[in-house]
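These are the residues of each chain, in order.
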Amino acid sequence: MTETKLRDDICRFGRSLFERGLTPGSSGNISLRLDDGGWLVTPTNASLGFLDPGRISRLDAQGRLTSGDAPTKEIPLHTALYQTRAEARAIVHLHSTHAVALSMLPEIDSKAVLPPMTPYYLMRAGQTALVSYHRPGDPAVVAAIKGLAGRYSSVLLANHGPVVAGETLEAAVFATEELEETAKLYLLLRGLNPRHLSPEQVADLVRVFGISLPEQDGHHH
């Protein structure tokens, strides 16, 4: 895919996310890894609803700005996920309401912030890890994400929002939306004792759709 097309895709998906209220103001950022090892990244203080394809930050493989506006301050976050998820080509980070709300609940499991509620959550997002609170742009978040050792494609930053990697920008966007929808379902059903997918149903999805879940990696009983 040409870089021009990729720039247009970032703007198109960014506008779609913004217009549906999935990330307010100038929050949220998107990055794409290019074949030469460099990246395209949304600029700092840019609203995802009003991106200019010509002003998207272009970084070289060393992370130096080669063209466009100054990049998002969340670069360390993106770098950590790319370094641990070899297959990741795109990352979406939002401040989506229900996912942020979920990240603040006392009962959530840091190894799986959501139970297996729907097939598509597992198929798109897999399982989501919780990373404890760090202020935006804090380099300490890098160590926290590296500590997950690349087992998760979706991560929820406490009191902040989701960060989701995908093999394509579309895959990363769809997984982020699925995470947000599932968080919304969780909050709607909280305290109502809903039926989740059984371990057998999850195992069936894993087998049929080739899903890789963290606890299936080697040490599953």
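Placed above this text is the structure.
Below is a summary of the structure that appears in this document. Numbering of residues starts from 1 in each chain and follows the order in which that chain's sequence is written. Restriction of local features to residues with pLDDT of at least 70 applies here, the model being predicted, together with a cutoff of 80 or more for giving and counting side-chain atom pairs; totals for whole chains, interfaces and linings are based on all residues. Heavy atoms throughout the structure, all of them, feed into the side-chain values; hydrogens and water do not.

**Remarks on the side chain of Glu178**
- Position of Glu178 relative to the elements: it lies in helix α6 (residues 169–189).
- Here's how the labels work: a residue is buried when its accessible area is under 20% of the maximum for its type, exposed when over 50%, partly exposed in between, all with a 1.4 Å probe on protein chains only. Residues scored as charged are limited to Lys and Arg (positive) and Asp and Glu (negative), so that His and the chain ends carry no count. The salt bridge criterion pairs a side-chain nitrogen of Lys or Arg with a carboxyl oxygen of Asp or Glu, the two atoms within 4 Å. With no salt bridge to any partner, buried Glu178 finds its closest opposite charge in Arg124, at an N-O distance of 4.3 Å.
- If we skip the residues at most four places from it in the chain, Glu178 touches Thr118, Tyr120, Tyr121 and Arg124. Runs of H or I in DSSP of at least four residues are treated as helices and runs of E of at least two as strands, each being numbered from the N terminus. In this description, contact between two residues means that some pair of their heavy atoms is separated by no more than 4.5 Å.

**Topic: the pattern of salt bridges**
- The final tally for this structure, using the stated rule, is 12 salt bridges.
- Among the ionic pairs, Asp9 bridges to Lys5, the shortest N-O distance being 2.8 Å. Note that Asp9 and Lys5 are positioned in helix α1 (residues 3–19) at a spacing of 4 residues, about one turn of the helix.
- A relative accessible area of 38% means that Lys5 is categorised as partly exposed.
- Of the charged contacts, one joins Asp9 and Arg12 as a salt bridge, the two residues approaching to 2.8 Å between their closest N and O atoms. With Asp9 and Arg12 both in helix α1 and 3 residues apart, the pair spans about one turn of that helix.
- Look at the salt bridges and you will find they share partners, linking Glu3, Arg7, Asp36 and Arg58 into a network.

**Some details on the side chain of Thr23**
- In this fold, Thr23 is placed in the loop between α1 and β1 (29–33).
- On the basis of relative accessibility, which here comes to 0%, the residue Thr23 falls in the buried class.
- Polar contact criterion, stated in full: a pair of N or O atoms within 3.5 Å, where within protein one must be able to donate a hydrogen and the other to accept it, and residues adjacent in sequence count only if both atoms are side-chain atoms. At a separation of 2.8 Å, a polar atom in the side chain of Thr23 contacts the side chain of Ser27.
- A distance of 3.0 Å separates a polar side-chain atom of Thr23 from the backbone nitrogen of His95.
- In this structure, Thr23 is in contact with Leu17, Phe18, Gly28, Leu48, Leu94 and His95, ignoring residues within four places of it in sequence.

**So, helix α7 (residues 199–209)**
- Of all the residues in α7, the buried ones are Val202, Leu205 and Val206. Down the axis of α7, the buried set is contained in an arc of 100°. They therefore lie on one face. Exposed positions of α7 whose direction lies more than 90 degrees from the buried face are Glu200, Arg207 and Val208.
- Looking at the buried positions of α7, the neighbouring elements they touch are α4 (119–124). The arc in question is the one spanned by the directions pointing from the helix axis to the C-beta atoms.

**Things to note about the environment of Ala70**
- Structurally, Ala70 is set in the loop between β4 (65–67) and α2 (75–84).
- Judged by its relative accessible area of 43%, Ala70 falls in the partly exposed class.
- In sequence terms Ala70 and Ser57 are 13 residues apart; their C-alpha atoms lie 6.2 Å from each other.
- Leave out the neighbours within four places in its chain, and Ala70 touches Pro43, Thr44, Ser57 and Leu65.

**A short note on the sheet that holds strand β2 (residues 39–41)**
- Each pair of strands is called paired provided DSSP finds at least two bridges between the two strands. Taken together, the 8 strands give an open sheet; going across it, the order is β4-β3-β2-β1-β5-β8-β7-β6, and neighbouring strands pair in mixed fashion. Only two strands of the sheet have a single neighbouring strand rather than two, namely β4 and β6 (128–131). Going from strand to strand, the sheet's axes swing by 25° on average, the running direction of each strand aside.
- Where β6 and strand β7 (residues 154–157) come together, 4 bridges link them in parallel fashion. By the bridge assignment for β7, Val131 is matched with Leu157. All axes here are fitted lines through C-alpha atoms, helices being fitted over the stretch that makes contact, and every angle between N-to-C directions spans 0 to 180 degrees.

**As for the packing of aromatic side chains**
- A pair of aromatic rings is counted whenever rings of Phe, Tyr or Trp (Trp by its six-membered ring) have centres within 6.5 Å, and the orientation is called stacked for planes under 30 degrees apart, edge-to-face for over 60 and tilted otherwise. If you walk through the whole model with that rule in mind, you get 2 aromatic pairs.
- An angle of 65° between the planes, with centres 5.5 Å apart, marks the rings of Phe18 and Phe50 as edge-to-face. On the criterion of sequence distance, the pair formed by Phe18 in helix α1 and Phe50 in the loop between β2 and β3 (57–59) is long-range, its members being 32 residues apart.
- Judged by its relative accessible area of 24%, Phe18 falls in the partly exposed class.
- Here Phe50 falls in the exposed class, since its relative accessible area comes to 65%.
- Note on Trp39 and Tyr82: the rings are 5.3 Å apart at their centroids and 55° apart in plane angle, and the pair reads as tilted. Here Trp39, found in strand β2, pairs with Tyr82, found in helix α2; they are 43 residues apart in sequence, far enough to count as distant.
- Exposure remark for Tyr82: the relative accessible area of 3% places this residue in the buried category.
- Charge over a ring is defined by NZ of Lys or CZ of Arg lying within 6 Å of the ring centre and within 35 degrees of the ring normal. When the ring centre of Phe13 is taken as reference, the NZ or CZ atom of Arg12 above it lies at 5.1 Å.

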